[in-house]
Amino acid sequence: MARTGNTRFRAARVAAGYNTQQALADALKVGERQVRRWESDTPPMPQPDMAQALTRLLGQDLESLGFATGTAPVPGRRSALAAAVGLSVVPTQSATVQPATVADDFESVTRAHRRLYWSVAPTTLHPAALAHATLGCALLPETAGQTRARTAAALAETWLLAGRIEFFDMREADRASQTLLRALQAAGEADDPLLGAGILAHTAFIPAWVGERDAAVERMVAARTYARRGPASAELLAWLDAVEAECETRCGNTRTALHLIGHAEDVLAAGSAHPTPEWLDWFSPVRLAAFKGNTQLKAGHLPQARTTLLGVLDGLEDSEEKQRSVILGDLAAVEAAAGQPEAACGYAVRALDQLGRTWYAMGMDRVREVRRTLAPHQHEQCVRDLDERLYGWSTTVSALSR
C-alpha cells in the first residue's frame, strides 16, 4: 500500500488556517523542511518546546497529530475568554475540528451585521448580533491557529456591535459595559491590539456620559497604549482623538476638546501608510467635523458651529441617516442658543422626520434637549407645532418601545 504521509498533521494544519507548510513554519519560526518532516510517513517526535507550540497552534494533542507518543491525550485547557465569560471548557482536542472555512463564514455574517446597523432597527438587529456571538463562542473551542484568531476577532467585533447598540441606541450603559468587556476578551483571544483599542475607546464613553472624567481618561490612555502595539492608521488615531474630545466636551472641557480635534485634523491631513481596519466604518473626515461642530456649540462658538454643521450636513452620505438626525439636532440647538426659535424648530422637525425613517436614540436626545432650551418660547406657534410632532402618537410610542 502506498504511503501518503502524516495525513492527521496535514489536516490539522489546514483546519487551523495554515494552508501551506511555509505558513506554519513561519508561525513556528522554523524551516519549511521541518514541517515537511512532520508530514512525512515517519514523523520525528518534536522537542518539548516545539511540541507545546504545535499543540497550541493546531489545537490537538501530539497523538492526534500523528505522533506515536504512547501517552494519553493532554487534558483540556480553559482559555482566557472561557474563564472570563463562562464559556465551556476548551479542549486541546475538540470532539469536532472545524475547517478553516469556518472563519470565512463567521466573518461574513459579522460584516453583514456591521452594514445592517446603519439601516435596521436596533431592537431588531441586537438579538441577531447576540445570537451570532453565541455561535462564535460555540465555534471557538473547535478552531485553532489562524482560524481561531480570525474567529475570535469576528466574535470581538460582533460583541462590539452589540455593545454599541446597547449604549448608543438602547441607552443601557451597564449592559453595554459588560458586553464591551466580552468584546475586549475576545480581541485578546485574537491578539488584535487595534481592535482592542477600538473597544477600549468605546468603554470611555460610558463614564464620560455621566461626567466621570478620570475614568474616561484612564480608558483612553489604555486605548492609545493598545493602538501603539499595532500599525495604527491615521483614521484610527484621529478617531481616538475625536473620542477623547467627545469625552472632554461631555465633562465641560471644550477648550481641551477643540485642541484634540485640531490634532485629529492634522493627523488625517498627514495620512499614514497603514490601512484602516475594516471595522472602523463609523469615522471619516465628515464625522470628525461633526464632533467639532458639537464641541463648538457647547463652547458657545455659535457662528463657527453653524458653519461646521451645515458643511457636515452637506457632506453626509445618503446612507448616514442616523448621523443626519444628530446633526439636525445640533443645528436646532445652535439656532435655539442664538435666539432663533423658529429656525430651531425647523431643524428639530427635520430631525424628527429623519428619526421616523431611522431611529437613533442619540438623535432623539438632541431634539429633546433643544425642546428644553425652548421653554421660554413655548407659547409660540412654532414650538407648539414642534410639540405636536414630538409628542404625536407614533413618535411617543416609538420612543417608549425602543
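Preceding this paragraph is the structure being described.
Not measured: the values here are computed from a predicted model.

Definitions and limits used
- Residues numbered from 1 in each chain as written.
- Predicted model: local features only at pLDDT ≥ 70, side-chain atom pairs only at ≥ 80, totals over all residues.
- Heavy atoms only, no water.
- Helix = DSSP H or I, 4+ residues; strand = E, 2+ residues; numbered from the N terminus.
- Buried < 20%, exposed > 50% of the residue type's maximum accessible area, 1.4 Å probe, protein only.
- Contact = heavy atoms within 4.5 Å.
- Areas by Shrake-Rupley, 256 points an atom, 1.4 Å probe, with all protein chains shown as cover.
- Lys, Arg positive; Asp, Glu negative; His and termini not counted.
- Charge placed at Lys NZ, Arg CZ, Asp CG, Glu CD.
- Salt bridge = Lys/Arg side-chain N within 4 Å of Asp/Glu carboxyl O.
- Phe/Tyr/Trp six-rings, centres within 6.5 Å; stacked < 30°, edge-to-face > 60°.
- Lys NZ or Arg CZ within 6 Å of the ring centre and 35° of its normal.
- Axes fitted to C-alpha atoms, helices over the stretch in contact; angles between N-to-C directions.
- Parallel < 35°, antiparallel > 145°, perpendicular 65-115°, else oblique.
- Left-handed = near helix turned anticlockwise from the far one by under 90°.
- Core = buried A, V, L, I, M, F, W, Y, C linked by side-chain atoms within 4.5 Å.
- Nonpolar A, V, L, I, M, F, W, Y, C, P; charged D, E, K, R; others polar.

Student: Help me get a handle on the overall build of the protein, residues and values and all.
Tutor: A tally of helices and strands in the protein yields 20 helices and 0 strands. For the protein, the spread of C-alpha atoms along the three principal axes comes to 95 × 45 × 35 Å. Here the protein holds 402 residues, and 50% of them are scored as buried. In the protein, 65% of the contacts between residues at least 6 apart in sequence involve partners at least 24 apart. Summed over its atoms, the accessible surface of the protein is roughly 18600 Å², and 52% of this surface lies on carbon and sulfur atoms. Charged side chains of the protein number 42 positive and 46 negative; the gap between the two group centres comes to 4 Å.

Student: Any chance you could break down the pattern of salt bridges for me, citing the residues and the numbers?
Tutor: A complete count under the given rule lists 21 salt bridges for this structure. Glu39 is the partner of Arg10 in a salt bridge, and the nearest nitrogen-oxygen pair spans 3.5 Å. Residue Arg10 is found in helix H1 (residues 7–15), and its partner Glu39 is found in the loop between helix H3 (32–38) and helix H4 (48–58); the two are separated by 29 residues along the sequence. The exposure class of Arg10 is partly exposed, given its relative accessible area of 30%. For Asp241, the salt bridge identified is with Arg224, shortest N-O distance 2.8 Å. On the criterion of sequence distance, the pair formed by Asp241 in helix H12 (residues 234–250) and Arg224 in helix H11 (residues 213–228) is long-range, its members being 17 residues apart.

Student: Go over the packing of aromatic side chains with me, naming the residues and quoting the values.
Tutor: What characterises a pair of aromatic rings is the spacing of the ring centres plus the angle enclosed by the ring planes. All chains considered together, the criterion is met by 9 aromatic pairs. Ring geometry for Phe9 versus Trp38: centroids 5.9 Å apart, planes at 45 degrees, classification tilted. Here Phe9, found in helix H1, pairs with Trp38, found in helix H3; they are 29 residues apart in sequence, far enough to count as distant. Neither residue differs from the other here; Phe9 and Trp38 are each classed as buried. Ring geometry for Phe167 versus Trp209: centroids 5.3 Å apart, planes at 75 degrees, classification edge-to-face. Taken as a pair, Phe167 in helix H8 (residues 145–169) and Trp209 in the loop between helix H10 (193–208) and H11 lie far apart in primary sequence, 42 residues in all. Classification of Phe167 as buried rests on a relative accessible area of 7%. Members of the aromatic cluster, joined through ring pairs, are Phe167, Phe168, Phe205 and Trp209. The ring of Tyr226 is capped by Arg229, whose NZ or CZ atom sits 4.4 Å from the centre of that ring.

Student: I'd like to hear about the packing of helix H16 (residues 321–337) against helix H17 (residues 341–357), residue by residue, with values.
Tutor: If you want to describe how two helices pack, look at the angle between their axes and the distance between the axes. Interhelical geometry of H16 versus H17 gives an angle of 165 degrees and a closest axis separation of 7 Å. In terms of orientation, H16 and H17 fall into the roughly antiparallel class. Considering the relative orientation of H16 and H17, their crossing is left-handed. Seen from H16, the contacting residues are Glu321, Arg324, Ser325, Leu328, Gly329, Leu331, Ala332, Glu335 and Ala336; seen from H17, they are Ala343, Ala344, Tyr347, Ala348, Arg350, Ala351, Gln354 and Leu355.

Student: Lay out the nonpolar core with the relevant residues and their values.
Tutor: In this structure, Trp239 and Phe283 are the most contacted members of the largest nonpolar core, which totals 98 residues. Of all the elements, H8 adds the most residues to this core, at 12 residues. Excluding residues that lie within four positions of it along the chain, Trp239 makes contacts with Gly198, Ala201, His202, Leu280, Trp282 and Phe283. Phe9, Ala25, Leu28 and Val35 belong to the second-largest nonpolar core, a separate cluster that totals 19 residues.

Student: Break down the environment of Asp266 for me, citing the residues and quoting the values.
Tutor: Mapped onto the fold, Asp266 is located in helix H13 (residues 254–270). Judged by its relative accessible area of 53%, Asp266 falls in the exposed class.

Student: Account for the packing of H12 against H13, naming residues and giving values.
Tutor: Between H12 and H13, the least distance of the axes is 8 Å, while the angle of their chain directions is 170 degrees. By the criterion of interaxial angle, the relationship of H12 to H13 is roughly antiparallel. Contacts between H12 and H13 pair Ala234, Glu235, Leu237, Ala238, Asp241, Glu244, Ala245, Glu248 and Thr249 from the former with Thr254, Thr256, Ala257, Leu260, Ile261, His263, Ala264, Val267 and Leu268 from the latter. Within the contact of H12 with H13, the residues separate by chemical class into 10 nonpolar, 4 polar and 4 charged.

Student: Mind laying out the environment of Gln340, listing which residues take part and the relevant values?
Tutor: Among the structural elements, Gln340 can be located in the loop between H16 and H17. Each C-alpha atom, one on Gln340 and one on His377, is 9.9 Å from the other, the two residues being 37 residues apart in sequence.

Scope: geometric values only; no functional claims are made or implied.
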